[in-house]
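Remarks on the overall topology
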Amino acid sequence: MAYLLPAFAELFPEADVRLQAALGDLQEIDAAVCWMPPRGLLARMPELKLIQSIAAGIDHITADPGLPAVPVCRMVDPDMAAGMAAYVCWAVTNRQRHMYGYVASAAERQWREQPVEAPGAHRVGIAGLGALGVRCALALRAIGYRVSGWSRGPKSGLPADIALFHGDAQRAAFLAGCDTLVCLLPYTPETHGILDAGCYDRLPRGAHLVNVGRGAHVVEADLLRALDSGQLGYATLDTFTEEPLPADHPYWTHPRILVTPHIASRTPARAIARQTRANLAQIILGNAAAVAVDPAKGY
Ligand code: NDP
């Protein structure tokens, strides 16, 4: 977390910022800026008013069974959303335009052409139409892909040619139209293991899975079975139940899995400093912070 210090010094200069190794008197801590805090640590801060995630997700924080009843805020930032859109567009194009195959061919100095299909012939579905999912949907649409999205509740305000689905009742219909399925869901009890055999079986045969949500969205044995049977054609995976992904994990050597090391997007340090300051100021004034997590929904 030392990388945050210059941004806090610039944008939150009145804060006395302490790193985890030198927190000093825990009674003096007003706000905890964290990703995966040691379990029980936050409960020992009696004056804590804000738990600020450095990321869009808060599942590593709420996994603490002793989490104090203090507002938890997550990051929403245009640069983070743009970074995610860049990754997702790359992942979709990499598979749909056979780019990963050209990398292999080039290494062998082989001129091997693959079919060139227009983006408009390819349907991309985004599970999770939040701050990041919407940005990805718009970016894919701008390229020319046929885009759909699935959320928990109904959505509005998106271009009419983005097909919208919501809730469990519309999940099967959504999945049936995904040549590529992009998972941008938060990790909650409801979404644990949501990328399972039942999901893969509903996708068109040979579909591509892009998981930029959380590793625990995926049922690993079901994913490997679906790839081996051809029901899934390819998987681009950025997040894993255990990170770093262990060296002996079957994903590394699977011919139809591409692993990236949880780099789809990052939150700029300056945005973390700015939002921590703004959220703490609102909470001290007795107001709700702008991007506080809804404890009932868990995201
Ligand atoms: P948001 O909270 O803004 O959006 C979440 C979306 O998921 C909403 O559309 C929500 O529906 C939907 N959703 C939640 N639960 C369900 C459910 N049970 N069924 C259907 N839809 C559901 O999150 P963000 O867009 O900011 O971030 C999404 C996730 O991306 C993060 O939680 C994190 O896991 C992941 N992430 C990964 C990164 C990486 O580098 N790989 C970087 C940053 C984030 P509704 O709109 O109805 O509420």
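Predicted, not measured: the structure shown is a model, and the values here were computed from it. (Residues numbered from 1 in each chain as written. Predicted model: local features only at pLDDT ≥ 70, side-chain atom pairs only at ≥ 80, totals over all residues. Heavy atoms only, no water.)

1. Examining the overall build of the protein chain
Scanning the protein chain from terminus to terminus reveals nine helices and 10 strands. The C-alpha atoms of the protein chain give 21 Å as radius of gyration, which agrees with the globular expectation for 299 residues (19 Å, within 12%). Counting over 299 residues, the protein chain shows a buried share of 46%. Of all intrachain contacts in the protein chain linking residues separated by at least 6 positions in sequence, the fraction that spans at least 24 positions is 59%. In the form shown here, the protein chain has an accessible surface area of approximately 14,800 Å², with 57% of it arising from carbon and sulfur atoms. Of the charged side chains in the protein chain, 26 are positive and 28 negative, and the gap between their average positions amounts to 6 Å. (Helix = DSSP H or I, 4+ residues; strand = E, 2+ residues; numbered from the N terminus. Rg over C-alpha atoms; globule rule 2.2 N^0.38 Å. Buried < 20%, exposed > 50% of the residue type's maximum accessible area, 1.4 Å probe, protein only. Contact = heavy atoms within 4.5 Å. Areas by Shrake-Rupley, 256 points an atom, 1.4 Å probe, with all protein chains shown as cover. Lys, Arg positive; Asp, Glu negative; His and termini not counted. Charge placed at Lys NZ, Arg CZ, Asp CG, Glu CD.)

2. Brief notes about unusual backbone geometry
Here Glu243 and Pro244 are connected by a cis peptide whose omega angle stands at -5°. In this structure, Pro244 sits in the loop between β9 (232-237) and β10 (257-259). In this model, Arg109 sits at a positive phi of 55°, which is unusual for a non-glycine residue. With respect to the helices, strands and loops of the structure, Arg109 is situated in the loop between α4 (99-107) and β4 (123-127). At His262, a position not held by glycine, the phi torsion is positive, near 50°.

3. Concerning the packing of aromatic side chains
Counted under the stated rule, the structure contains six aromatic pairs. Relative to Phe12, the ring of Phe8 lies with its centre 6.2 Å away and its plane at 25°, an arrangement referred to as stacked. Accessibility assignment for this pair places Phe8 and Phe12 in one class, buried. Ring geometry for Tyr87 versus Trp90: centroids 5.2 Å apart, planes at 65°, classification edge-to-face. Pair noted here: Tyr87 and Trp90 are both in helix α3 (residues 78-96), with a separation of three residues, about one helical turn. Residue classification places Trp90 among the partly exposed residues on the basis of a relative accessible area of 36%. (Phe/Tyr/Trp six-rings, centres within 6.5 Å; stacked < 30°, edge-to-face > 60°.)

4. Observations regarding the packing of α3 against helix α5 (residues 131-143)
With their axes 8 Å apart at the nearest point, α3 and α5 run at an angle of 50° to one another. Of the possible angle classes, the one that applies to α3 and α5 is oblique. Two packed elements cross with a definite hand, and for α3 against α5 that hand is right-handed. Contacts between α3 and α5 pair Met80, Ala81, Ala82, Met84, Ala85, Val88, Cys89 and Val92 from the former with Ala131, Leu132, Arg135, Cys136, Ala139, Leu140 and Ile143 from the latter. Of the residues in the contact of α3 with α5, the class split is 14 nonpolar, no polar and one charged. (Axes fitted to C-alpha atoms, helices over the stretch in contact; angles between N-to-C directions. Parallel < 35°, antiparallel > 145°, perpendicular 65-115°, else oblique. Left-handed = near helix turned anticlockwise from the far one by under 90°. Nonpolar A, V, L, I, M, F, W, Y, C, P; charged D, E, K, R; others polar.)

5. What to know about the side chain of Thr180
Secondary-structure assignment places Thr180 in strand β7 (residues 180-183). You can call Thr180 buried: its relative accessible area is 0%. A distance of 2.7 Å separates a polar atom in the side chain of Thr180 from a polar atom in the side chain of His122. Filtering out sequence-adjacent residues up to four positions away, Thr180 remains in contact with Val92, His122, Arg123, Val124, Gly125, His208 and Val210. (Polar contact = N/O pair within 3.5 Å; in protein donor to acceptor, adjacent residues only side chain to side chain.)

6. Some details on helix α8 (residues 220-229)
Within α8 the residues assigned to the buried category are Asp222, Leu223, Leu224, Ala226 and Leu227. Positioned one or two residues after α8, Gly230 has a phi angle of 90°, which is positive.

7. Describing the site of the ligand
Among the 30 residues in the neighbourhood of the ligand, the closest are listed as Arg74, Leu132, Gly153, Lys155 and Tyr299. Here a nitrogen atom of the ligand sits 3.0 Å away from a polar atom, N or O, in the main chain of Arg152. At 2.7 Å, a backbone N or O of Gly153 approaches an oxygen atom of the ligand. Calculation on the ligand without its partners gives an accessible area of 940 Å², and the protein chains cover 93% of this total. For the shell around the ligand, the secondary structure elements donating two or more residues are α5 and β5 (146-151). For the shell around the ligand, the per-class residue count stands at 12 nonpolar, 11 polar and seven charged. (Near = heavy atom within 4 Å.)

8. Here we look at the UniProt feature "domain: D-isomer specific 2-hydroxyacid dehydrogenase NAD-binding" (unreviewed entry) in the protein chain
When the UniProt feature table is mapped onto this chain, "domain: D-isomer specific 2-hydroxyacid dehydrogenase NAD-binding" (unreviewed entry) is found at residues 93-264. Split by type, residues 93-264 is 28% helix and 19% strand. Its first and last C-alpha atoms lie 15 Å apart. (UniProt positions renumbered as here; feature names shortened; annotations may be inferred.)

9. A look at the pairing of strand β2 (residues 50-53)
Of the two faces of β2, the one carrying Leu50 and Gln52 and the one carrying Ile51 and Ser53 are both buried. Where β2 and strand β3 (residues 72-73) come together, two bridges link them in parallel fashion. The partner of Ile51 across the bridge, within β3, is Val72. (Pairing = 2+ DSSP bridges.)

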